[in-house]
Amino acid sequence: MTREYSPETLCNHPKFDPLPTDNHPLTPPIYQSVKFVMDDFNELKKVFRGEREGYFYSRASNPTLVVLERLLAQLQGTEAGRTMASGVAAVTNTLLALLQSGDRLIYFLESYGPSRAFAEGTLKKYGVIVVKLSLDDLEGIKREMAVPGTKAVLFESVTNPQLKVAPLDLIHAEAKKHGVITLLDNTFAGFQSWQKWPFDLYIHSLTKYASGHGDVMGGAVLGSEKLLKQLDKTLLNLGATLDPHAAYLIQRGLKTYHLRRRAQCENSQILAEWLEGHEAVEKVVYPGLKSHPQHAWFAENFDDFGSIIFLRLKDKKKNIEDVVTKGELFMMTGSLGSTESLITPALFFYASDLTPAEREQAGIDASSIRLSIGIENSKDLLLDMKQILA
Ligand SMILES: Cc1ncc(COP(=O)(O)O)c(C=O)c1O
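Once a new chain begins, its residue numbering starts again from 1 and follows that chain's sequence as written. The model is predicted, so local features are restricted to residues of pLDDT at least 70 and side-chain atom pairs to those at 80 or more, both for listing and for counting; the totals for chains, interfaces and linings are taken over all residues. Excluded from the side-chain calculations are hydrogens and water; all other atoms, namely the structure's heavy atoms, are used.

1. Topic: the packing of helix α3 (residues 63–76) against helix α9 (residues 244–254)
Turning to step 1, where the next piece is worked out: The geometry of α3 relative to α9 is characterised by a closest axis approach of 8 Å and an angle of 35° between their N-to-C directions. Crossing handedness for the pair α3 and α9: left-handed. In contact with T64, L65, V67, L68, L71, L72 and L75 of α3, α9 contributes P244, A247, Y248, I250, Q251 and L254.
Turning to step 2, where the next piece is worked out: Only Asp, Glu, Lys and Arg are considered charged, only Ala, Val, Leu, Ile, Met, Phe, Trp, Tyr, Cys and Pro nonpolar, and every remaining residue, Gly among them, polar. Tallied by class, residues from the contact of α3 with α9 come to 11 nonpolar, 2 polar and no charged. To obtain an axis, a line is fitted to C-alpha atoms, over the contacting stretch when the element is a helix, and the angle between two such axes runs from 0 to 180 degrees between their N-to-C directions. Each helix corresponds to a stretch of at least 4 residues labelled H or I by DSSP, and each strand to a stretch of at least 2 residues labelled E; elements are numbered beginning at the N terminus. Note on convention: the crossing is left-handed when the near helix lies turned anticlockwise from the far helix by less than a right angle, right-handed when the turn is clockwise. Every residue pair with non-hydrogen atoms within 4.5 Å of one another is taken to be in contact.

And the structure:
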């Protein structure tokens, strides 16, 4: 600044010098700025046209988001990524950006509830033809993928809450054959890479394992730069941008992602084995158990067995609401993937929109419980579970 200014003016123009190029903070800073200034207007035009790097407005991009997007893409093994304000925003905005009236979308009755609700309630309203199948309906998947106009298929690698694995090889093969875009919500599996079946786009709720501490929301879509570029304009106009502070917290959470996930999976194995021998339990579903129908498949194809356990109680008359609120450590609430353990009545949380036949097909009844296992000491978790089931 060349002139002497009064205090009111100085408060609004604090002096800010860029760091020397050979001197940088070890932790990426939070760029808590909506606007970015360009000295030269012609250079700004180039930023707008995508001809050079640079920032203008945080809804379009922000350096703190870029640090996170790059890291997420590396973890998922994709070329690029875009972040959004929540996992649901990542699902819905990606679908809105990809699809137009008359396009067909295939999704599954085992899919995450709000994704199903968005397909039925919103996409249909805008003229998208939505086709709901069961992951078990292999013939249906083949048939529907071949129908002209099928643009995308939305699925999860492991379903919530009953831990079914999607027929990934079939979905991948049929989609490639018919030019259908594969949209895998990989939230449950973490940053599991699918080298055998490289899918087009991976969606994550960063609220879960990525941030890991249950204190911040975020979502991401990861894939090739070419495909993501096609979505950019709609994503910008929808405006579900991740806040830089949230992006920083998620990036910080990722520092312990692998440590947390390992501890969660170890605890889950101990608990699942113990639950399987419990007299009050009718069925335990955990991919790390030999009794899981896809145990061998999981062992071969997954990095780990995850931290979600699904169980059904023998006593169908037991008041499930009393059971799930008895925990001192297992807290009754939704969500998953954080450091603390959670317990939820599965029918109420995940299947209340399904018909009785669909619930039966999904394997969820009034006695069904979903556990999300944290990183507490497993002995304490076992003691708490013992008194919950007593
Ligand atoms: C598979 C899956 N996808 C998406 C979401 C939505 O994430 P968020 O709560 O961050 O919007 C969730 C949340 O539970 C989820 O389980």
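Still to come is the rest of the account.
2. Overview of helix α8 (residues 225–238)
Turning to step 1, where the next piece is worked out: Between its first and last C-alpha, α8 extends 19 Å over 14 residues, near the 20 Å set by a 1.5 Å rise per residue.
Turning to step 2, where the next piece is worked out: The axis of α8 is deflected most strongly, by about 40°, at D232.
Turning to step 3, where the next piece is worked out: The cut-offs for exposure are 20% and 50% of the maximum accessible area for each residue type, with area from a 1.4 Å probe on protein chains only; residues under the lower value are buried, those over the upper are exposed, and the others partly exposed. Within α8, the full set of buried residues consists of L227, L228, L231 and L235.
Turning to step 4, where the next piece is worked out: Where α8 is buried, its residues contact β1 (80–84), α4 (87–98), β5 (181–185), β6 (201–205) and β7 (219–223).
Turning to step 5, where the next piece is worked out: Looking one or two places after α8, you find G239, whose phi comes out positive at around 75°. To estimate how far a helix should reach, multiply one less than its number of residues by 1.5 Å. Here the bend at a residue means the angle between the axes of two seven-residue stretches, the one that ends at it and the one that starts at it.

3. Topic: the sheet that holds strand β12 (residues 368–372)
Turning to step 1, where the next piece is worked out: A strand pair is defined by DSSP finding two or more bridges across the two strands. Taken together, the 5 strands give an open sheet; going across it, the order is β8-β9-β12-β11-β10, and neighbouring strands pair in mixed fashion. The open sheet is flanked by β8 (281–285) and β10 (331–332), the only strands paired with a single partner.
Turning to step 2, where the next piece is worked out: For strand β11 (residues 342–345) and β12, the ladder comprises 4 bridges, and the chain directions are antiparallel. Each residue of the ladder has a partner; that of P345, found in β12, is I369.
Turning to step 3, where the next piece is worked out: Sheet strands touched by helix α10 (residues 257–276): β8, β9 (308–313) and β12. Its angle to β9, the strand with the most contacts, is close to 15°.

4. Some details on the pairing of β12
Turning to step 1, where the next piece is worked out: Of all 5 residues in β12, 5 are buried; the element is thus mostly enclosed.
Turning to step 2, where the next piece is worked out: Taken together, the 5 bridges between β9 and β12 define a ladder with antiparallel strand orientation. Note on β12: the bridge partner recorded for L311 is I369.

5. Digging into the site of the ligand
Turning to step 1, where the next piece is worked out: Taken together, 14 residues lie around the ligand, and G87, V88, D185, S205 and T207 are the ones closest in.
Turning to step 2, where the next piece is worked out: Within the backbone of G87, a nitrogen or oxygen atom sits 2.8 Å from an oxygen atom of the ligand.
Turning to step 3, where the next piece is worked out: Residues adjacent in sequence count toward polar contacts only when both atoms are side-chain atoms; beyond that, a polar contact is any pair of N or O atoms within 3.5 Å, and within protein one must be able to donate a hydrogen and the other to accept it. The side chain of S205 places a nitrogen or oxygen atom 2.7 Å from an oxygen atom of the ligand.
Turning to step 4, where the next piece is worked out: Its free accessible area being 390 Å², the ligand has 93% of it covered by the protein chains. In these notes, residues near a molecule or strand are those with any non-hydrogen atom within 4 Å of it. The Shrake-Rupley method, run with a 1.4 Å probe sphere, supplies the accessible areas, and residue values consider only the shown protein chains as cover.

6. A few points about a nonpolar patch on the surface
Turning to step 1, where the next piece is worked out: Taken together, the side chains of V34, F48, F56 and Y57 define a hydrophobic patch exposed on the protein surface, amounting to about 390 Å² of accessible area.
Turning to step 2, where the next piece is worked out: Turning to its location among the elements, F56 is positioned in the loop between α2 (41–48) and α3. Each patch is built from residues lacking any salt bridge and having more than 30% relative accessible area; the joining distance is 9 Å for like charges and 5 Å for nonpolar side chains (Val, Leu, Ile, Met, Phe, Trp, Tyr). We define a salt bridge as a contact between a side-chain nitrogen of Lys or Arg and a carboxyl oxygen of Asp or Glu at a distance within 4 Å.

7. A closer look at the domain arrangement of the protein chain
Turning to step 1, where the next piece is worked out: As assigned here, the protein chain comprises domain 1 (62–252) and domain 2 (257–389).
Turning to step 2, where the next piece is worked out: Where a domain begins and ends is set by an automatic assignment or by a domain database. A C-alpha centroid distance of 24 Å is found between domain 1 and domain 2.
Turning to step 3, where the next piece is worked out: With 29 residues of domain 1 in contact, the opposing surface of domain 2 contributes 34 residues.
Turning to step 4, where the next piece is worked out: Once two parts are brought into contact, the accessible area they lose, counted with a 1.4 Å probe and summed over both, makes up the buried area. Carbon and sulfur atoms make up 55% of the surface buried where domain 1 meets domain 2, a total of about 2800 Å² over both sides.

8. Side note on the packing of aromatic side chains
Turning to step 1, where the next piece is worked out: Aromatic rings from Phe, Tyr and Trp, taking only the six-membered ring of Trp, are treated as a pair when their centres fall within 6.5 Å; an angle between ring planes under 30 degrees marks them as stacked, one over 60 as edge-to-face, and anything in between as tilted. Going through the model one piece at a time under the given rule, you end up with 14 aromatic pairs.
Turning to step 2, where the next piece is worked out: Seen from their ring centres, F199 and Y202 are 6.4 Å apart, and the 75° between their planes marks the pair as edge-to-face.
Turning to step 3, where the next piece is worked out: Under the relative-accessibility criterion, F199 is labelled buried at 6%.
Turning to step 4, where the next piece is worked out: Taking the relative accessible area as the measure of exposure, Y202 reaches 4% and is therefore buried.
Turning to step 5, where the next piece is worked out: Aromatic ring contacts, followed pair by pair, group W194, W197, W297, F298, F302 and F305 into a single cluster.
Turning to step 6, where the next piece is worked out: By definition here, charges over rings are those cases where NZ of Lys or CZ of Arg is within 6 Å of the ring centre and within 35 degrees of the ring normal. Residue placement shows R261 over the ring face of Y209; its charged tip is 4.4 Å from the ring centre.

9. A closer look at the sheet that holds β5
Turning to step 1, where the next piece is worked out: The sheet built from 7 strands is open, its strands ordered β1-β7-β6-β5-β4-β2-β3 with mixed pairing. Pairing within the sheet leaves two strands with one partner each, and these edge strands are β1 and β3 (129–133). Going from strand to strand, the sheet's axes swing by 20° on average, the running direction of each strand aside.
Turning to step 2, where the next piece is worked out: Here β1 pairs with β7 via 5 bridges, running antiparallel. The residue bridging A80 from the neighbouring strand is G223, located in β7.
Turning to step 3, where the next piece is worked out: Across the face of the sheet, α4 comes into contact with β1, β2 (104–108), β4 (150–156), β5, β6 and β7 while running at roughly 150° to β6.
Turning to step 4, where the next piece is worked out: Each of β2, β3 and β4 touches helix α5 (residues 113–123); the most contacted strand, β2, lies at about 150° to it.

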